[in-house]
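In case you want the letters, here they are:
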Amino acid sequence: NVASTVEMLAAYGCTTFIVGNETNIPDTPWFNKFDIEYNFCKVVWDKLVSLGVKNFKVGPAAPAYLGGAGEYQRERLKAFKDFAKGEAIPVNFQPTHYYGSVNTMQDWISFPDYFSELGSPAPEFYQEDLDDSILAEGYPFQAILKAGALGVNHITYHTLYDRERP
């Protein structure tokens, strides 16, 4: 099903594929299943190559905004290299999720290629309460400009709020 889905999306011009979502969440069936994630990335990559799609991007799942995500991404990349057995790994970018203050963004970015989620402008960390002044100061624009200055080349602005904290 993955290969046929990729074929249909590629037929409509889709060239960027993020394979999975938030695989670093403990107590979930997909937690740290690097072998499965690698195999899905390989299916996507191989299908795009076979279709002759040019300038495509395949990325593994962006980790949830939890502590240690940079280390998690490095661990997964090492596992992917092991699975590839000396061949090229089937990913060429790393999506990242960031929910937090503009002031701490530079401390979070370890793979600044692609923000697939950006949002929730709490002062220091995403669980903190928001106040109206943060939204009034134009967080989305500040965050986008800061991310761009830090080398992020693609941003999907996801949300202003965390669903558990209005």
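All values reported here derive from a predicted model rather than from experimental measurement.

Colleague: What am I meant to see in the overall build of the protein here?
Modeller: Scanning the protein for helices and strands turns up six helices and five strands. Taken from N to C terminus, the helices and strands of the protein fall in the order α-β-α-β-α-β-α-β-α-α-β. Expressed as a percentage of its 166 residues, the buried residues of the protein come to 41%. Carbon and sulfur atoms form 56% of the exposed surface of the protein, whose accessible area is close to 9,200 Å².

Colleague: Teacher, can you tell me more about the pattern of salt bridges here?
Modeller: Opposite charge on two side chains permits them to pair, given that their charged atoms come into close proximity. According to the stated counting rule, one finds five salt bridges in the structure shown. As a salt-bridge pair, R74 and E71 come within 3.7 Å of each other at their nearest N and O atoms. Of this pair, R74 and E71 are both found in helix α3 (residues 69–84), three residues apart, which corresponds to roughly one turn of the helix. Residue classification places E71 among the partly exposed positions, given a relative accessible area of 47%. Here D82 and K78 are joined by a salt bridge, their closest N and O atoms 3.5 Å apart.

Colleague: Looking at this structure, how should I read the nonpolar core?
Modeller: The tendency in soluble globular proteins is for nonpolar side chains to be buried as a group. Formed by 18 residues in total, the largest nonpolar core has its most connected members in C41, V44, L48, V58, F80 and V91. Those elements that place two or more of their residues in this core are α1 (2–11), β1 (16–19), α2 (34–51) and α3. Ranked by the residues each element gives to this core, the list is headed by α2, at five residues. When near neighbours in sequence (up to four residues on either side) are disregarded, F80 contacts F34, E37, Y38, C41, P60, I89 and V91. Core analysis: the second largest hydrophobic core is formed by eleven residues, Y98, V102, M105 and V152 among them.

Colleague: Could you clarify how one ought to interpret the environment of D82 in this entry?
Modeller: Turning to its location among the elements, D82 is positioned in helix α3. D82 gets classed as partly exposed once you look at its relative accessible area, which sits at 49%. Counting along the chain gives 47 residues from D82 to D35, while the straight-line C-alpha distance between them is 9.9 Å.

Colleague: Which parts of the structure should I look at to understand the confidence of the model for the protein?
Modeller: A low pLDDT means the predicted coordinates there should not be read in detail. Per-residue pLDDT for the protein averages 82, and the proportion of residues at 70 or more is 78%. Mean pLDDT values over the elements of the protein span from 64, in helix α5 (residues 132–136), up to 97, in α2.

Colleague: Explanation requested: unusual backbone geometry in the structure shown.
Modeller: Glycine aside, a negative phi is what most residues show, and trans is what most peptide bonds show. Positioned with a positive phi, E22 is a non-glycine residue whose angle comes to about 50°. With respect to the element layout, E22 can be found in the loop between β1 and α2. Phi at K85 takes a positive value of approximately 50°, unusual for a residue other than glycine. Relative to the elements of secondary structure, K85 occurs in the loop between α3 and β3 (95–99). Of the residues examined, K85 reaches a relative accessible area of 73% and is grouped as exposed.

Colleague: Hey, could you run me through the side chain of Q94 in this one?
Modeller: Within the element layout of this structure, Q94 appears in the loop between α3 and β3. Polar contacts involving the side chain of Q94 include one to the main-chain carbonyl oxygen of A61, which spans 3.5 Å. A distance of 2.9 Å separates a polar atom in the side chain of Q94 from a polar atom in the side chain of R76.

Colleague: Honestly, the packing of α1 against α2 in this entry has me stumped. Any pointers?
Modeller: Axes are the key here: two packed helices are described by the angle between their axes and the distance separating the axes. At a minimum axis distance of 9 Å, the contact between α1 and α2 shows a crossing angle of 45°. Put simply, α1 runs oblique to α2. For the crossing formed where α1 meets α2, the hand is right-handed. Counting all contacts with α1, which are made through V2, A3, V6, E7 and A10, the residues of α2 involved are F40, V43, V44, K47, L48 and L51. Among the residues making up the contact of α1 with α2, the classes are represented as nine nonpolar, no polar and two charged.

Each value, and the rule that gives it
Going along each chain's sequence as written, the residues are numbered from 1 onward. Local features in this predicted model are restricted to residues whose pLDDT is 70 or higher, and side-chain atom pairs enter the listing and the counts only when it is 80 or higher, whereas totals over whole chains, interfaces and linings include all residues. To get the side-chain values, take all heavy atoms of the structure and skip hydrogens and water. Under the DSSP-based scheme used, a helix requires at least four consecutive residues in state H or I and a strand at least two consecutive residues in state E, with every element numbered from the N terminus. Summary of the burial criterion: residues with accessible area below 20% of their type's maximum are buried, those above 50% are exposed, and those between are partly exposed, where the area comes from a 1.4 Å probe applied to protein chains only. To be clear on the numbers: accessible area is Shrake-Rupley with a 1.4 Å probe, and residue cover counts the displayed protein chains and nothing else. Within this document, salt bridges are pairs made up of a side-chain nitrogen of Lys or Arg and a carboxyl oxygen of Asp or Glu, the two lying within 4 Å of each other. Think of a nonpolar core as a cluster: buried Ala, Val, Leu, Ile, Met, Phe, Trp, Tyr and Cys residues, connected wherever their side-chain atoms sit within 4.5 Å. It only takes one pair of heavy atoms within 4.5 Å for two residues to be counted as in contact. Across the chain, each position has a pLDDT score giving the predictor's confidence in that residue, from 0 to 100. In protein, a polar contact requires one atom able to donate a hydrogen and another able to accept it; more generally it is a pair of N or O atoms within 3.5 Å, and residues adjacent in sequence count only if both atoms are side-chain atoms. Throughout, an axis means a line fitted to C-alpha atoms (over the contacting stretch in the case of helices), and angles, computed between N-to-C directions, take values from 0 to 180 degrees. What sets the label is the angle itself: under 35 degrees gives roughly parallel, over 145 gives roughly antiparallel, 65 to 115 gives roughly perpendicular, and the rest give oblique. A clockwise turn of the near helix away from the far one marks a right-handed crossing, whereas an anticlockwise turn of less than a right angle marks a left-handed crossing. When residue character is reported, Ala, Val, Leu, Ile, Met, Phe, Trp, Tyr, Cys and Pro are called nonpolar, Asp, Glu, Lys and Arg charged, and the others, Gly included, polar.

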